[in-house]
Amino acid sequence: MQKIKLEGMKHQEDVVSFASSDVARTLDTIGFTVEKAADTTGRVQKADFALVYVETNDVRIGSGTPTDSLGLKIAAGDSFVLESAEEIEITKVISAVAGVHATLHAQIGYHS
């Protein structure tokens, strides 16, 4: 069992889930909320932590363009953590087998 520390998070989005696909997509383009709308000062707050649990089927992740045969393979039942706004912006997820999609559950957080 992997321990995940969520300490220091000033805000966490609700846990939500979306499906992976045959196209490599970032958490944002999958549908997860990874930034808050501009506040009264015009500042946009970007998420800097994401815990993603992979359910039902395997996925591959990576920057650039992972494919169903290229990228780090994350097995169903495992999770991965992205620990900065940059990691969240550049990491893409794709189904490890074309047409066999995973359900992804994510807890997105903000330190500030």
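Parameters at a glance
Residues numbered from 1 in each chain as written. Predicted model: local features only at pLDDT ≥ 70, side-chain atom pairs only at ≥ 80, totals over all residues. Heavy atoms only, no water. Salt bridge = Lys/Arg side-chain N within 4 Å of Asp/Glu carboxyl O. Helix = DSSP H or I, 4+ residues; strand = E, 2+ residues; numbered from the N terminus. Buried < 20%, exposed > 50% of the residue type's maximum accessible area, 1.4 Å probe, protein only. Pairing = 2+ DSSP bridges. Core = buried A, V, L, I, M, F, W, Y, C linked by side-chain atoms within 4.5 Å. Contact = heavy atoms within 4.5 Å.

Engineer: Would you explain the pattern of salt bridges in this entry?
Structural biologist: Any two side chains of opposite charge can pair, on the condition that their charged atoms come close. Throughout the structure, instances matching the rule amount to 2 salt bridges. Between E89 and K46 there is a salt bridge whose closest N-O contact spans 3.0 Å. With E89 in helix α2 (residues 85–90) and K46 in strand β5 (residues 45–46), the pair connects residues that are 43 residues apart, well separated along the chain. The partly exposed category is assigned to E89, whose relative accessible area is 42%. Among the residues examined, K46 registers a relative accessible area of 42% and is labelled partly exposed. The salt bridge partner of D58 is K73, with a shortest N-O separation of 3.8 Å. Here the residue D58 occupies a position in the loop between β6 (49–55) and β7 (59–62), and K73 occupies one in strand β8 (residues 72–74), the gap between them amounting to 15 residues. According to the relative accessible area criterion, D58 is partly exposed, its value standing at 25%.

Engineer: Honestly, the sheet that holds β8 in this entry has me stumped. Any pointers?
Structural biologist: For sheets, the rule is that strands pair by backbone hydrogen bonds, running either parallel or antiparallel. Read across the open sheet, the 4 strands follow the order β3-β10-β7-β8; overall the sheet is antiparallel. Since the sheet does not close on itself, it has two edges, and those belong to β3 (25–26) and β8, each with one partner.

Engineer: I would appreciate a short explanation of the nonpolar core in the present structure.
Structural biologist: Across soluble globular proteins, you tend to see nonpolar side chains buried next to one another. Of all hydrophobic cores here, the largest spans 20 residues; its most connected members are L27, V59, F80 and L104. For this core, the secondary structure elements donating two or more residues are α1 (27–30), β6, β7, β9 (79–82) and β11 (103–110). Looking at which element gives the most residues to this core, the answer is β11, with 4 residues. Those residues in contact with F80 that lie beyond four places of it in its chain are A50, L51, V52, V54, I61, I74 and V93.

All we've got here are geometric facts, nothing functional implied.
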